[in-house]
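Examination of the molecular architecture
Residue strings, one per chain:
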Amino acid sequence: MTDKNISPCKFLLVGFDGLRPCDITTDVMPNLARFRDENHTWENYLASFPTETYVNHPVIFSGFRPNAHGLIANSFFCPDLKGKAQLFCGWDTDSVTAQDKARPEGLYAVPDMAELLAQKGKTMRVLCANSAGSTRLQNMHADRYPGHLNACIHALEQAIPVEERNRLLVSSPAKMPLTFPDFAAQSEMLEILFRDELNKGAHSLADMTVFWIGEPDHSSHEIGLKSELTERARTHADKLFGRIYDWWIKEGRNQNVQLVTMSDHGHGEIAGHVDFAAILRKAGRMVVTDQEILEGADANQAEMVLVGDYTAGLWVKDANVENLTQIAQILTSDPGVGLVFSQPNEQYRDAVAGRVPGTLSEALVFSENERGPDLRIVGRGDNSTGRILSGGHYGLGSGNHGGLTPAELHAHLTCAGLAFTPTARRHKAPAGHDDLAKTMLTLMGAEADHSPARLLDEALKDDVDESYGVFTLRLSQGELSMTIEHAHYAGRRYVLSGEREKTGRCRPATQPVKCH
């Protein structure tokens, strides 16, 4: 490998929220396609379940899967907390900070990347075009550490620390509206990057600089996966990256700045709608939803609380196994329901079934946690097409994510720089966000030794064996059959897919989507 003693190893991470690997084409995203083809990229780079943003950003920025870091969904119910803190809403900075203060261990149940870097006297600076709450999750306590920054381009008035906020507001607006596509705000964010972070050269760059683009996720949800406007959103994001890539080639690369491009998850295409609350209410169950709680409903008066409408959590007041089994049977009897999970059986933690008969164990998908729901529900999906049945929040043809189709699980990752071997490779080995985090922290000298993730040795060394095994785990009960597919590599397990099998299948039809 090239001598890395030129200057300290730093990272410039460019995120494309919700970008599917198959959408990186030379005609739509030529800069990213060239970067991918000329460097290390992974063909089996996998998001964590649930494949939601506010679950996967904590994986990226801690090196731990959801079963350890504790952010188990974009939004979830917390019966052990009081008042507004009972409903965690990851898009809302107030909710994020309230939960962090309400929990003795904090919102993150593990040290995050910023904390580990700060312990070594290193810095992390975040510019992000997602929601203000999502941005805060990337560097929760930037106001605790000298030289750190956390700034959402849509709400610079909430940037931390305060002195950084005041400096930003001299030249940029306090608020920029989120538009679909989000052209103006993301362009302004790029100007901030070049004006404030790259203006003094690579030597003054933070040890970890995050530039997180909210597209194409915003437009995929609101406009549709195949819309011409969504394609324009991808192209615009690629142009932003093109300027960064040019800077890196001219200056950053030779100063030991590693350039990483990635996405946090993929997208399924909504082919139909399913209403979990209606299914339960039709069976005579009293349900209050997260939306109803936000509108003033009292969660404490409900038989059960349902949070989410595609990958959803169900918290049941009378959570004995017999009652939960009846509820699970109501759900699985509906053809619109795909997978149902429960927390693992403490006596048989390695079992396929969870503590509730007829459900899969959350331990199979590394999402088991004391904060988790009694039952977790995923709308029906088709692994061969990437089409899904989702709640009614987004229209037909829109993108959504949270489930276990390959289209949602597969994300993008490309790495380049003096820390990596110089030969461009397409890696077959499965890898996840936690592996990337551990690799970056290790290269920066802030090792996360307590993380069970692995180093991405296939990009750091020559002649690494990338062969891996694939195993299918199945739970069958009557006409119900649910499967989880695992890859086993380097002593780790990765989730490749999950699906309700053909028996009684409700297949979201039309033409296959060749985009996994």
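Residues numbered from 1 in each chain as written. Predicted model: local features only at pLDDT ≥ 70, side-chain atom pairs only at ≥ 80, totals over all residues. Heavy atoms only, no water.

Quick look at the overall build of the protein
What the protein contains, in helices and strands, is 16 helices and 25 strands. Its C-alpha radius of gyration of 22 Å places the protein within 12% of the 24 Å reference for a compact globule of 516 residues. Principal-axis analysis of the C-alpha atoms places the extent of the protein at approximately 65 × 50 × 45 Å. Expressed as a percentage of its 516 residues, the buried residues of the protein come to 63%. (Helix = DSSP H or I, 4+ residues; strand = E, 2+ residues; numbered from the N terminus. Rg over C-alpha atoms; globule rule 2.2 N^0.38 Å. Buried < 20%, exposed > 50% of the residue type's maximum accessible area, 1.4 Å probe, protein only.)

Regarding helix H2 (residues 53-60)
Taking burial as the measure, the 8 residues of H2 include 8 buried ones, the bulk of the element. Turning to H2, its buried residues number three or more, namely Thr53, Tyr54, Val55, Asn56, His57, Pro58, Val59 and Ile60. The inward-facing, buried residues of H2 abut helix H3 (66-69), helix H5 (113-119), helix H6 (132-136), strand S8 (208-213), strand S9 (257-262) and helix H15 (433-443). (Contact = heavy atoms within 4.5 Å.)

Observations concerning the side chain of Glu197
Along the chain, the position of Glu197 falls in helix H8 (residues 183-197). Relative accessible area serves as the criterion here: at 7%, Glu197 is assigned to the buried category. A distance of 2.7 Å separates polar atoms of two side chains, one belonging to Glu197 and the other to Arg125. (Polar contact = N/O pair within 3.5 Å; in protein donor to acceptor, adjacent residues only side chain to side chain.)

Regarding the packing of H8 against helix H10 (residues 228-252)
Between two packed helices, what matters for the description is the angle formed by their axes and the separation of those axes. The geometry of H8 relative to H10 is characterised by a closest axis approach of 11 Å and an angle of 5° between their N-to-C directions. Regarding the angle of H8 to H10, the classification is roughly parallel. Contacts between H8 and H10 involve Phe183, Gln186, Ser187, Leu190, Glu191, Leu193 and Phe194 on the former and, on the latter, Arg232, Ala233, His236, Leu240, Arg243, Ile244 and Trp247. Counted by class, the contact of H8 with H10 contains 8 nonpolar, 3 polar and 3 charged residues. (Axes fitted to C-alpha atoms, helices over the stretch in contact; angles between N-to-C directions. Parallel < 35°, antiparallel > 145°, perpendicular 65-115°, else oblique. Nonpolar A, V, L, I, M, F, W, Y, C, P; charged D, E, K, R; others polar.)

Looking at the sheet that holds strand S7 (residues 149-152)
What the 8 strands build is an open sheet, ordered S7-S6-S8-S1-S9-S20-S2-S21; its pairing is mixed. Strands at the two margins of the open sheet, each flanked by one partner only, are S7 and strand S21 (425-427). Going across the sheet, the axis of each strand differs from the next one's by a mean of 15°, ignoring polarity. Here strand S2 (residues 40-42) runs beside S21; their pairing, made up of 3 bridges, is parallel. Of the residues in S21, the one forming a bridge with Thr41 is Arg426. (Pairing = 2+ DSSP bridges.)

Some words on the confidence of the model for the protein
Within the protein, residue pLDDT values average 95, and 96% of them lie at 70 or more. Low pLDDT, under 50, characterises residues 504-516; the stretch is placed with 38 contacts to residues that sit more than four places away or in other chains. (pLDDT = per-residue confidence, 0-100.)

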